[in-house]
Amino acid sequence: MLVEFAMMHAWLVPLLPALAFLVIVFLTRPFEKLSAIIAVGSMALACVIASFAAYGIFTNHEFTEKPLVYAANWLSLGIPGVTDSLLVQVGVQLDPVSAMMMFMVSFISTFIFLYSVGYMKGDPGFSVFFSYLSLFGASMLLLVISSNLLQMFIAWELVGLCSYLLIGFYTHKISAREAAKKAFVTCRVADFGLLLGLLALQITFGTLNLVELGEKIHNFQEYTTIGMLTLIAVLVFIGPIGKSGQFPLHVWLPDAMEGPTPVSALIHAATMVVAGVYLVGRTMFLFHEVESAMQLVAVTGAFTALFAATIALTQREIKRILAYSTVSQLGYMMLALGVGSLTAGMFHMWTHAFFKALMFLAAGSVLYALHHKADVWEMGGLIKKMPITGWTFVIGGLAIAGIPPFAGFWSKDEILVATLAEGHYVLFAMAAFTAFLTAFYMWRMIFLVFFGDEKPENHPQESPWTMTVPLIVLAVGAIGAGWMGTPWNNVWAEWIYFGEPHHGPINYGAMLLSIVLAGSGIYLAYTMYLKDTKKKRARKLAEWFGPVHRMLYNKYYIDELYLWFNHALVDGTARLFYLFDLYVVDGFVNGIGTFTKSSGDGLRVFQTGRLQNYALIFFLGVLAVAVLVTFTGPSAASLVLGGVK
Amino acid sequence: MTPFDFSMPINPAALTLEMLVAALGLGVLILGIISPKGARSGLGWVSFLGLMGIIGVAITMWGQSGELLAGMYLLDNYALFWKITFMVAAALVILGNMRYVDNVGHQAEYYSLTIFATLGMMVMASAGDLMTLYLGLELMTIAFVVLVCLRKKDNKSVEAGMKYILLAGMSSAVLLYGLSLLYGLTGSVIMLDISRIIAMQPVSSALVLALVMLIAGLGFKISAVPFHMWSPDVYEGAPTPVTSFLSMGSKAASFAIILRLFITALPGVWENWAMVIAILAGITIIIGNLVAIPQTSIKRLLAYSSIAQAGYIMVGMVTASEAGIKGVMFYAFLYVFATAGAFTVAAYFYNVTGSDELKDYAGLSQRSPLMAAVMLVALLSMAGIPPLAGFVGKFYLFKTIVDGYLWLVFIGLIMSMVSVYYYLRVALVMYRDEPKDPSPINVSGPVTVTLIVTMLVTLIIGIYPGPLSEVVNSAAHSFFLH
């Protein structure tokens, strides 16, 4: 009963936070506590509905084959039944993938909202912050349950807007404003590709509904060529490259850490950045048909994973390290999708959401305690004063490093196995090496921040309950979220798959390898950063590999490259266009403006206010129409203007 | 040609709406006479609630169809949709302007005449023959003439009334000429019969002349250029609520009857009138928008903007197709709300400040955020900015003529851009300039409701046009079923 209601009313899930946004903006903004209660409450309620709906989906196996879709007509053009009429719908599509995602997003959002109550306490923009968070939650959930790509694109842009608003939330900080702009512009560049892809899909197949597209693209030869389909797939993939921070458009994500920490945890780790992965997963039917596009996805993913992991080795700011690790993990997910395993990609997205949100929130707790001192080298021994934050962070670290039985191990193993099974040995090697690097840089950070000697200048204190409760809940997720996908009893793969569910043989070799890599990464970090209290080896290593270290620390100079490119090419071209604009376009536009205004003034002369003149003009008008009718009769009209057929 | 049969039974239930509206108008008039002066401001509520009740009755009649008196009076979803539109317009005007009317006085006359004008419009929407058409048209026009000079101590108002009655009389003469020519050529006043007879004969020059007269006579009502000269003067001089009703109700009703006359009675000579309508639409869009630019009075600005809007609506007539009719109805409906919003703000502002000048709107956003927001939404909708209703409406209209009349689409697009200039000028004054008198304007309850309703409807239709679009589809479909 309740389950059925939730399944048939899944649109309530995005609607509730959307209402919370409106209520906070228009009514409760002056009342901070009330605003927070409304935001957290509506998201919690949405989470309850999402849980029931997800329960309904996961207890009926029919929905894996045939998703539950219901939609309302949004706008239609032309008359129904006529061939060239366009019908755009808004609707809900529930299947295991979207149900999982809907539950995950609403669940994690609820706890991050709660965490924000403590973290944002005393901020002058407290209510505004919660209204933005609610808007984000609504947009993200809308994206997740969309039954067609246009609706998804609208939500896609909305989450981009929220991301912009929240990164730049501390408007007094110049760096935050710049980061917000950077994120928005970078994503917009990518979204343009996506938009072109969607338009091409609509033109070619006449619909953007996921189910219909799936059927039509399966028989795409009836509509278009493989070349066109490849182009469409590549264009669509450009969107996720931007949104999910894949190379070379990853540059905005580390800078996005300028936003408040809950934002980093929610938007730039657990939910929004995986929207790109989700979109690729949703349009697997498209990529599946195009071999080269799949390879592009796989290679982009593997390269991004390795590339970001190497940068993370040398970074000093706690949130930046986490940000590069997010980029790297997103690369893993893309890799999984690229080798054709929706199961592994979605599984890693699921587990990653828990442990990465956990680590960000724990990092936020650290920053809160240390008054926003961010350099890991200036911290140490925090676990004694902040046991909950510290131990939950350690759990997150074990999960991301891939130590069994923590969540990250199972999903990473699934990706490695899938890559190997498809015969991508180079990609497998890259992914495996990334796993080693991940364990190393994560534990480097953990040892530096939480263990070793305490720094006398720091006076840390454990954070309030609104912040620690979410940490504990997410830590439970970071431990157990992967147990449904163990190779021995893979419940996950029975629900979420593309094409046919497949159970490969259990690959103990890969499993052993990933444990060994993770363990050696952690051990190396231990010897360099904890055992060696003076950190001599670390320093020596940095000196030996001076140029490499500098290059990594400066993130391969990609930002500088873009800046140079922007400066030399864009600014140069802009200067040229500026002159053109100043003299040619402005002249033209001003001319039109002057002409328009003066013709307005000129025509005004006729409005004399005198009745006789009006009557005269009226009858002149009759005369003119008579002439017109004569000269635009059937034969004359087609000659002159060609309209009437 | 069927000879008229007077013994034909009339089903009175088919005329329920018209009879209810007539009864309401008479009732308000009588109440006005018997009630003491102080109680007369309650007449507005009587009229408003009465109209809302009749709208409720009208909605239950959705889907009924039929003919009375061998096609003299047509009942279908098309007519019903228009009737609801007119009544909604009247209800909005009444609800939003009670205080204005109390200031002017003559409440009984004002409300009953507004209702009678609505009745005239409703007759026009159902008219199936030339006589009914003319009857409805004159009922509406004469009611409006009185309404225009309601502020009888104000010279401008009286002047506007004089201008309106003289010029309207002139246009009626031309229209009658056209109608009588049509009757002379076909021997029938029933539109369906006329259509049949015209299809059988070759196009004569007398018929073309009739066409000219009809276009001119009805073009006057919708203030199509070059028959628009009266409207800025009359719009400016008339009391603002009347201007508001004139620009939405009168125009919408005239469109209802033009579609009926040209597409039901004259589809046979479509090739002769389509291009004329297209050209007139183009000119109307151009002139309306251009002359709006230098205006300094908000009422005159809205008057010219409403001329331009009529041009956009005419675009939907050109193809004489179901999609075109749908576009016209859709646009007319949303135009009612945008206009009601803008004019209610103007009327209320005049009440408080006694000014219609644009420059006095400076800093309105600080004095009354609601009024400024409603004005902004209404104007942007008229300019066709998404996601407001006007965008969808224009989209539907211009979609019908993309094949074959691309030049008109371009005129529409370019002139929409031009219109953004003067619409945003109002926004600039309201939002950027500092008010001379910063005292806040308190908006009374009914006005607040009117403003919020118009704004919400404009937003909702823009974001979710589906339901209205389906209703209008069904109405447009019923048009061709007779």
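Keep in mind that what you see is a predicted model, and the values were worked out from it rather than measured.

Reading guide: rules and limits
Residues numbered from 1 in each chain as written. Chains lettered and ligands numbered in written order. Predicted model: local features only at pLDDT ≥ 70, side-chain atom pairs only at ≥ 80, totals over all residues. Helix = DSSP H or I, 4+ residues; strand = E, 2+ residues; numbered from the N terminus. Rg over C-alpha atoms; globule rule 2.2 N^0.38 Å. Buried ≥ 20, exposed ≤ 12 C-beta atoms within 10 Å, placed from the backbone. Contact = placed C-beta atoms within 7 Å. Nonpolar A, V, L, I, M, F, W, Y, C, P; charged D, E, K, R; others polar. Expected span 1.5 Å × (residues − 1). Arc of directions from axis to C-beta. pLDDT = per-residue confidence, 0-100. Axes fitted to C-alpha atoms, helices over the stretch in contact; angles between N-to-C directions. Parallel < 35°, antiparallel > 145°, perpendicular 65-115°, else oblique. Left-handed = near helix turned anticlockwise from the far one by under 90°. Core = buried A, V, L, I, M, F, W, Y, C linked by C-beta atoms within 7 Å.

Each helix and strand in chain A was counted, giving 28 helices and four strands. Since a compact globule built from 645 residues should have a radius of gyration of about 26 Å, the 29 Å found for chain A is in line with a globular shape. Oriented by its inertia axes, the alpha-carbon framework of chain A measures out at about 100 × 55 × 50 Å. Out of the 645 residues belonging to chain A, those deemed buried represent 51%. Contacts spanning at least 24 positions in sequence make up 80% of the contacts within chain A whose residues lie at least 6 apart.

Helix and strand counts for chain B stand at 20 helices and two strands. Referenced to the eigenvectors of the C-alpha coordinate spread, the extents of chain B come out at roughly 70 × 55 × 40 Å. Looking at chain B as a whole, 61% of its 482 residues qualify as buried. In chain B, 81% of the contacts between residues at least 6 apart in sequence involve partners at least 24 apart.

With that settled, consider the interface of chain B and chain A. Taken together, the contact pairs 41 residues of chain B with 38 residues of chain A. Contributing elements (two or more residues each) for the side of chain B that touches chain A: α7 (155–186), α9 (205–221), α10 (230–237), α12 (270–292), α14 (322–353), α17 (389–399), α18 (406–431) and α20 (466–479) of chain B. Among the residues making up the side of chain B that touches chain A, the classes are represented as 31 nonpolar, five polar and five charged.

This part is about helix α1 (residues 16–34) of chain B. All names here are of chain B. Helix length check: α1 (19 residues) gives 27 Å between terminal C-alpha atoms against 27 Å at 1.5 Å per residue, within 8%. Residues of α1 that are buried: L17, V21, L24, G25, V28 and G32. What you see down the axis of α1 is that its buried residues fit within an arc of 95°, all on one side. Pointing more than 90 degrees away from the buried face of α1 are the exposed residues I30, I33 and I34. Looking at the buried positions of α1, the neighbouring elements they touch are α2 (43–60), α3 (77–96) and α5 (107–126).

Moving on, we come to the confidence of the model for chain A. When pLDDT is averaged along chain A, the result is 83; 96% of the residues meet or exceed 70. When the criterion is pLDDT under 50, residues 637–645 of chain A qualifies, and its contacts beyond four places in sequence or with other chains add up to 16 contacts.

Our next topic: the confidence of the model for chain B. Model confidence for chain B is summarised by a mean pLDDT of 89, while 98% of its residues fall at 70 or above. Here the prediction assigns the complex a pTM of 0.76, and the interface score ipTM is 0.82.

Residue and element names in this part refer to chain A. In contact at an axis separation of 8 Å, helix α3 (residues 32–58) and helix α5 (residues 96–119) are set at 155° when each is read in the N-to-C sense. Comparing their axes, α5 and α3 come out roughly antiparallel. Between α3 and α5 the crossing geometry is left-handed. Of the residues that constitute the contact of α3 with α5, the class distribution is 21 nonpolar, four polar and no charged.

The next point concerns the packing of helix α13 (residues 298–315) of chain B against α18(B). All names here are of chain B. Contact geometry of α13 with α18 gives a least axis separation of 11 Å together with a crossing angle of 160°. With respect to α18, the element α13 is oriented roughly antiparallel. α13 and α18 meet at a crossing whose hand is left-handed. The residues of α18 that touch α13, namely those facing L301, A308, Y312 and V315, are L408, G412, M415, S419 and Y422. Residues belonging to the contact of α13 with α18 are distributed by class as follows: seven nonpolar, two polar and no charged.

What follows deals with unusual backbone geometry. Cis peptide bonds are those with omega within 30 degrees of zero, and the linkage from F247(A) to P248(A) qualifies with 5°. Along the chain, the position of P248(A) falls in the loop between α10 (226–243) and α11 (252–255). Across the junction of P386(B) and P387(B), the peptide omega takes the value 5°, indicating a cis bond. Along the chain, P387(B) falls in the loop between α16 (369–383) and α17. Positive phi, normally seen in glycine, also occurs at A320(B), with a value near 50°. Looking at the secondary structure, you find A320(B) in the loop between α13 and α14.

All names here are of chain B. Along the polypeptide, I313 turns up in helix α13. C-alpha of I313 to C-alpha of L301: the two residues are 12 residues apart in sequence and 18 Å apart in space. Every residue in contact with I313, bar those within four places of it in the chain, is listed here: F255, V328, Y331 and A332.

It is worth spelling out the environment of N73(A) at this point. Along the chain, N73(A) turns up in strand β1 (residues 68–77). Since 17 C-beta atoms lie within 10 Å of it, N73(A) is described here as partly exposed. For the pair N73(A) and A200(A), spaced 127 residues apart in sequence, the C-alpha separation works out to 22 Å. In this structure, N73(A) is in contact with L87(A), Q89(A) and G466(B), ignoring residues within four places of it in sequence.

Considering the arrangement of structural elements, one finds L611(A) in helix α27 (residues 611–631). Among all residues touching L611(A), those that are not within four sequence positions of it are K163(B) and L166(B).

Let's shift gears to α18(B). An ideal rise of 1.5 Å per residue puts 38 Å on 26 residues; α18(B) measures up with 37 Å between its terminal C-alpha atoms. On its buried face, α18(B) sits against α26 (558–604) of chain A together with α12, α13, α15 (364–367), α16 and α17 of chain B.

A53(A), M102(A), L335(A), A357(A), L358(A), A431(A) and A478(A) are the most contacted members of the largest nonpolar core, which has 211 residues in total. Contacts of M102(A), omitting those with residues within four sequence positions, involve V13(A), A50(A), A53(A), A54(A), L141(A), V144(A) and I145(A).

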